[in-house]
Structure formats: C-alpha cells, structure tokens
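# Structural characterization, general
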Amino acid sequence: TGVQTCALPISEVLYKMLLMKLSDKSKKYYLDLSLYLAKSDGFFSDIEKKLIDTQCAEMGIDNNDYTEELSFEEVCQTIRTSATNNEKKIIFIELISLAFVDEEFTDEENVFVEQVRRLLEIPEEVSEQAIDIISNIVKYTKTLEDFVEW
C-alpha cells in the first residue's frame, strides 16, 4: 500500500480548529489584522492571499477584496476592549502563522507582530510561547514533507 496523504496540510487543520472559535466580529477583526500583516513587508504574495482565502472560507467570511475595514489602530483597540483573552491569543497565534507562511519571519513582520502584541496587551511570555509553537509547527511540517519526499 502507498502512503496516504491528509486532505489538508497539518497547518490548515490547526487553522480550522482555532479560527472557528472566534466570534463573528472577531473573525472580521482578524481579517483586517491579517491583511495589514501580509502587506507589512511591502509585498502581498500569492501564498499569503491563498492562506487568507483559506482562512476566510473556514471562518465563513468574505475576503473583502483584500481591503481592510478599520484602521490598524482602530482594529487593535476594538480587539483589546471587546475580544476575550482566548480570542486575543487565537488572533495573535494566527497572525504569527501567517507571518511564517512563506517560511520567513521578516523584520517587518516581526515589528508588526510586536506592535500588535503591545496594542492588544498580550504578555511578552505569551508572545514568545506563541512564536515558539508556530516556529516548531513550521519546522516539523517541513521535516515531515522532507521525510515523505525521500
């Protein structure tokens, strides 16, 4: 028998599990932040668009033609004051996942993620843990892909 492949990459399974836990409003706020992040390095790549489209489909929302509805400051303030702590962590870890989608965490993306962390009042140790988790998922997903392609 041959190797059976999963219908979805492991990372997409994780996105499904987390994004579905967001309220409808928080899903829209996440979309805005994800668009700001994807554009933060001055290059909105096809792989970033594809991931955002996949995430929007899973959340049951439109990608809004890749246009943000609120300013960066407004969306951060709204999340800080209206989202639960669990939603803030989900939004934050999903942003980190998006930053790693091209297997690079650029300086611009790092600055953006740090700015979001401060504005959402996420403790630094939570941020470090989230970055470590996603970094490990990326590393092990790559290791798994390399293993399968021998």
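For every chain, the first residue of the written sequence is number 1, and numbering continues from 1 along that sequence. With the structure being a predicted model, the display of local features is reserved for residues of pLDDT at least 70 and the display and counting of side-chain atom pairs for 80 or more, all residues being used for whole-chain, interface and lining totals. Heavy atoms from the whole structure form the basis of all side-chain values; hydrogens and water molecules are not counted.

### Focus: the overall build of the protein
As a reminder of what qualifies: Secondary structure is summarised from DSSP: a helix means a run of H or I of at least four residues, a strand means a run of E of at least two, and numbering begins at the N terminus for each. In this scheme, a residue with accessible area under 20% of its type's maximum is buried, one over 50% is exposed, and one in between is partly exposed, where area comes from a 1.4 Å probe on protein chains only. Surface accessibility follows the Shrake-Rupley procedure with a 1.4 Å probe radius. Residue values consider only the protein chains on display as shielding.
Helix and strand content of the protein: seven helices and zero strands. Along the protein, helices (α) and strands (β) appear in the sequence α-α-α-α-α-α-α when read from the amino end. Going through the 150 residues of the protein one by one, you find that 37% of them count as buried. Of the roughly 8,900 Å² that the protein leaves accessible, carbon and sulfur atoms contribute 52%.

### Side note on the pattern of salt bridges
Pairing is possible between side chains of opposite charge, provided their charged atoms come close. Put simply, the rule reads: Any carboxyl oxygen of Asp or Glu that lies within 4 Å of a side-chain nitrogen of Lys or Arg is treated as forming a salt bridge with it.
Evaluated as defined, the whole model comprises six salt bridges. Two residues, lysine 39 and glutamate 68, come together in a salt bridge whose shortest N-O distance is 3.3 Å. Placement of the pair is lysine 39 in helix α2 (residues 24–39) and glutamate 68 in the loop between α3 (46–59) and α4 (72–82), with a sequence separation of 29 residues. Residue classification places glutamate 68 among the partly exposed positions, given a relative accessible area of 21%.

### Details of the packing of α2 against helix α5 (residues 85–99)
Short version of the rule: Axis definition: a line fit to C-alpha positions, over the contact stretch in the case of helices; interaxial angles, taken between N-to-C directions, run 0 to 180 degrees. Here is the rule for angles: anything less than 35 degrees is roughly parallel, anything more than 145 is roughly antiparallel, 65 through 115 is roughly perpendicular, and the remaining ranges are oblique. Crossing handedness: left-handed means the near helix sits turned counterclockwise from the far one by under a right angle, and right-handed means the same turn made clockwise. Only heavy atoms matter for contacts: two residues are in contact if any of them lie within 4.5 Å across the pair. Each residue is assigned to one of three groups, with Ala, Val, Leu, Ile, Met, Phe, Trp, Tyr, Cys and Pro labelled nonpolar, Asp, Glu, Lys and Arg labelled charged, and all others, Gly among them, labelled polar.
Relative orientation of the contacting elements α2 and α5 amounts to 30 degrees, with a least axis distance of 10 Å. Compared by their axis directions, α2 and α5 come out roughly parallel. Every pair of crossing elements has a handedness; the one defined by α2 and α5 is right-handed. On α5, the residues that touch Ser26, Tyr30, Leu33, Ser34, Leu37 and Ala38 of α2 are Glu87, Ile91, Glu94, Leu95, Leu98 and Ala99. For the contact of α2 with α5, the class distribution of residues is eight nonpolar, two polar and two charged.

### Concerning the confidence of the model for the protein
This is how the line gets drawn: Residue-level confidence of the predictor is what pLDDT reports, using numbers from 0 through 100.
Scored by pLDDT, the protein comes out at a mean of 86, with 89% of its residues at no less than 70. The spread of mean pLDDT over the elements of the protein runs between helix α1 (residues 10–19), the lowest at 62, and α4, the highest at 97. Confidence over residues 1–8 falls short of pLDDT 50; this stretch has two contacts with residues more than four positions distant or in other chains.

### A short note on helix α6 (residues 107–119)
Note the following rule: Each residue after the first adds 1.5 Å to the expected span of a helix. What the arc describes is the spread of directions from the helix axis to the C-beta atoms.
For α6, spanning 13 residues, the distance from its first C-alpha to its last is 18 Å, which sits close to the expected 18 Å at 1.5 Å a residue. Among the residues of α6, those classed as buried are Glu109, Phe112, Val113, Val116 and Arg117. Looking down the long axis of α6, one finds its buried residues gathered within 140 degrees of arc, a one-sided arrangement. In α6, the exposed residues that point more than 90 degrees away from the buried face are Asp107 and Val111. With its phi angle positive at about 60 degrees, glutamate 121 sits one or two positions after the end of α6.

### A short note on unusual backbone geometry
One non-glycine residue, aspartate 65, adopts positive backbone phi at about 50 degrees. Mapped onto the elements, aspartate 65 comes out in the loop between α3 and α4. By relative accessible area, which is 65% here, aspartate 65 ends up exposed. In this structure, glutamate 121 is a non-glycine residue whose phi angle is positive, near 60 degrees. With respect to the element layout, glutamate 121 can be found in the loop between α6 and α7 (124–148).

### Remarks on the packing of α2 against α3
Between α2 and α3, the least distance of the axes is 11 Å, while the angle of their chain directions is 180 degrees. Comparing their axes, α3 and α2 come out roughly antiparallel. From α2, Lys27, Tyr30, Leu31, Ser34, Leu35 and Ala38 reach across to α3, where they touch Glu48, Ile52, Gln55, Cys56 and Met59. Here the contact of α2 with α3 is built from residues that sort into seven nonpolar, two polar and two charged.

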